[in-house]
Amino acid sequence: MVRGLLALSIFGILVCQAHGQAALSVTPAYAVITDEAPFGAFTLHNAGTEGVEVTISARYGAIASTDSTTAVVLDEAGQLGDLARHLTFFPDRCILPAGGEQVVRYRIHATPEGGHITLMHFAMQERGAIVDGQVPAVATGLSIVYNLVAPLVYLQGNGIPNLTARVLKGTSNALHLYLESHSPWPFLGGIRVLQDGEQLGRAEAAVYTTRLVQVPISLDPDKRRIQLQFDTAYTGLPRSIQRVLRVPASIELTW
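Participant: So what exactly am I meant to see when it comes to the overall build of the chain here?
Facilitator: Check the secondary structure of the chain and you find three helices and 21 strands. Residues counted as buried form 47% of the 255 residues belonging to the chain. Of the roughly 12500 Å² of accessible surface on the chain, a fraction of 51% belongs to carbon and sulfur atoms.

Participant: What's the story with the layout of surface pockets in this structure? I'm lost.
Facilitator: Unfilled space is identified by rolling a water-sized probe across the atoms. Space inside the second largest pocket adds up to approximately 190 Å³. Looking at the lining of the second largest pocket, the element that brings in the most residues is strand 4 (residues 31-34), giving four residues. Tallied by class, the residues present in the lining of the second largest pocket amount to eleven nonpolar, four polar and no charged. Formed jointly, the lining of the second largest pocket draws a minimum of three residues from each of two domains, domain 1 (21-156) and domain 2 (163-253).

Participant: How do you make sense of the confidence of the model for the chain when you look at a structure like this?
Facilitator: Detailed reading of the predicted coordinates is not advisable wherever pLDDT falls low. When pLDDT is averaged along the chain, the result is 86; 83% of the residues meet or exceed 70. Under a pLDDT of 50 for its full length, residues 1-13 has, in the predicted model, 26 contacts with residues more than four places off or in other chains.

Participant: Teacher, can you tell me more about the side chain of Ser65 here?
Facilitator: Structurally, Ser65 is set in strand 7 (residues 61-65). Excluding anything up to four places from it in sequence, Ser65 contacts Thr70, Tyr178, Thr210, Arg211 and Leu212.

Participant: Help me understand the sheet that holds strand 18 (residues 198-207), please; the structure alone is not making it clear to me.
Facilitator: What holds strands together in a sheet is hydrogen bonding between their backbones, with the strands either parallel or antiparallel. The antiparallel open sheet is built from four strands, whose spatial order is 18-17-20-21. Because the sheet does not close on itself, it has two edges, and the strands there are strand 18 and strand 21 (251-254). Averaged over all pairs of adjacent strands, the angle between their axes in this sheet comes to 25 degrees, without regard to strand direction.

Participant: Looking at this model, I keep getting lost on empty space enclosed by the protein. Mind explaining?
Facilitator: In the structure shown here, the tally under the stated rule is one cavity of 30 Å³ or more. As a volume, the largest cavity reaches approximately 80 Å³. Considering the residues around the largest cavity, the lining is formed by Leu155, Asn158, Gly159, Pro161, Trp185, Pro186, Phe187, Leu188, Thr232, Val244, Leu245 and Arg246. Residue composition of the lining of the largest cavity, grouped by class: eight nonpolar, three polar and one charged.

Participant: Is there a simple way to think about unusual backbone geometry in this case?
Facilitator: Leave glycine aside and you will find that most residues have negative phi; peptide bonds, for their part, are mostly trans. A cis amide bond links Thr27 with the next residue in sequence, Pro28, at an omega value of -5 degrees. By the element assignment, Pro28 lies in the loop between strand 3 (22-27) and strand 4. Omega for the peptide link from Phe90 to Pro91 comes to -5 degrees, which places this bond in the cis form. Position of Pro91 relative to the elements: it lies in the loop between strand 10 (87-90) and strand 11 (93-96). Here the phi dihedral of Asp196 falls at roughly 55 degrees; this positive angle occurs in a residue that is not glycine.

Participant: Which parts of the structure should I look at to understand the sheet that holds strand 15 (residues 163-170)?
Facilitator: Strands sit in the order 15-16-19 across an open sheet of three strands; the sheet is antiparallel. Both edges of this open sheet fall to strand 15 and strand 19 (210-216), since each of them pairs with a single strand only. Here the average twist between neighbouring strands, direction ignored, is 25 degrees. Here strand 16 (residues 174-181) pairs with strand 19 via seven bridges, running antiparallel. Bridge pairing links Ala174 to Pro216 in strand 19.

Participant: I tried to follow the nonpolar core on my own but got confused; where do I start?
Facilitator: Soluble globular proteins: nonpolar side chains tend toward being buried together. Judged by nonpolar contacts, the single largest core of 24 residues is most densely connected at Phe42, Leu44, Val54, Ile56 and Phe122. If you list the elements that add at least two residues to this core, you get strand 3, strand 4, strand 5 (39-46), strand 6 (52-59), strand 11, strand 12 (101-108), strand 13 (114-127) and strand 14 (143-156). Of the residues forming this core, the biggest block, five residues, is contributed by strand 14. Residue contacts for Leu44: discarding those within four places in its chain leaves Leu24, Ser25, Val26, Val54, Ile56, Cys94, Leu96, Gly100, Glu101, Gln102, Val104 and Phe122. Ranked by size, the runner-up nonpolar core spans 21 residues in total, among them Ala205, Val213, Ile217 and Leu219.

Participant: What exactly am I supposed to notice about the packing of aromatic side chains here?
Facilitator: Working definition: an aromatic ring pair is given by the centre-to-centre distance plus the angle between the planes. With the rule as written, the count across this model stands at four aromatic pairs. Considering the side-chain rings of Phe42 and Phe122, the 5.7 Å spacing of their centres and the 65 degrees angle between planes classify their relative orientation as edge-to-face. With Phe42 in strand 5 and Phe122 in strand 13, the pair connects residues that are 80 residues apart, well separated along the chain. Each member of the pair, Phe42 as well as Phe122, carries the same accessibility label: buried. Between the aromatic rings of Phe187 and Phe230, the centroid separation amounts to 5.4 Å while the plane-to-plane angle is 75 degrees, which identifies the pairing as edge-to-face. In this pair, Phe187 sits in strand 17 (residues 187-195) while Phe230 sits in strand 20 (residues 225-231), placing the two residues 43 residues apart along the sequence. An aromatic cluster of three or more residues is present, and its members are Phe42, Tyr106 and Phe122.

The rules we used
Numbers given for residues are sequential positions, taken from 1 along each chain in its written order. The predicted nature of this model means local features are confined to residues of pLDDT at least 70 and side-chain atom pairs, given and counted, to a pLDDT of 80 or more, with totals for whole chains, interfaces and linings taken over all residues. To obtain the side-chain values, all non-hydrogen atoms of the structure were included, while hydrogens and water were left out. The secondary structure listing takes helices from DSSP runs of H or I that are at least 4 residues long and strands from runs of E that are at least 2 residues long, numbered from the N terminus. Each residue is assigned to one of three classes by its accessible area relative to the maximum for its type, calculated with a 1.4 Å probe on protein chains only: buried under 20%, partly exposed between the two thresholds, exposed over 50%. Computed by Shrake-Rupley with a 1.4 Å probe, the accessible areas treat only the displayed protein chains as cover when residues are assessed. With a 1 Å grid laid over protein atoms only, a set of points is called a cavity when a 1.4 Å probe fits there but cannot get out and a pocket when it is open yet has protein on both sides within 12 Å along at least five of seven lines; lining residues have an atom within 4 Å of a point. Grid points are joined across faces, edges and corners, and a volume is the space filled by probe spheres set on the points. Each residue gets one of three labels, nonpolar for Ala, Val, Leu, Ile, Met, Phe, Trp, Tyr, Cys and Pro, charged for Asp, Glu, Lys and Arg, and polar for the others, Gly among them. Bear in mind that the domain bounds are from an automatic or database domain assignment. The predictor rates its confidence in each residue with pLDDT, a number between 0 and 100. Contacts are assigned to residue pairs that have any heavy atoms within 4.5 Å of one another. Strands are treated as partners if at least two bridges between them are detected by DSSP. The axes used here are C-alpha line fits, helices contributing only the stretch in contact, and every angle between their N-to-C directions lies in the interval 0 to 180 degrees. Each nonpolar core is a collection of buried residues, namely Ala, Val, Leu, Ile, Met, Phe, Trp, Tyr and Cys, held together in the definition by side-chain atoms within 4.5 Å. Any two rings among Phe, Tyr and Trp, with Trp reduced to its six-membered ring, count as a pair given centres within 6.5 Å; such a pair is stacked if its planes are under 30 degrees apart, edge-to-face if over 60, and tilted if neither.

Right, dumping it as structure tokens:
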């Protein structure tokens, strides 16, 4: 298992700024496509004041959690297939001037049935400024690389995600859950917490393998039994994709 040292905020915003000069953004922050339209595109934008070189690559992996952290995990993604083996994209490198944009188009080729994932890596390289009096050989070797990651998920067919969950911690205003996927179908959507049929709170999550989820709620400390119900409403997910997703069975929890 290889874990990337990336802050989770990068996944949601996908904006990287270096020294106020180069500022790279990638949209969308993630993509889910199906066999009905097995293609799409990411758009890179440099909102900074300096040009930047970007190298694009795809690698099998997922965003996953332990009991305490969430990070990029490379070279494994549970039961999800390796989409990098079935993916072509163009270009794999570009130079973005200040204010410039670049569309990176991709297409999926034939895959087995099930869910597949790859992490699109957008590596922005910026040369360090040369300081007066610096040894030239050292100055020319200075460079800084910033990496943005966008999950690309492909669904061949449609199946039902199989999730299990446990409560890590419950407070008066939040419920900390640990969810784990046990099928080749990812879950993207809402997790609703109910008690005696009343919804106490809801949070959104993408569960590829394992995921920590914090649900803002108002818990009755005297009641230790809840139910988790799921939906397919997920921020940024097109309705055309929401319609083909299936929801896991509800989960009863006692802690």
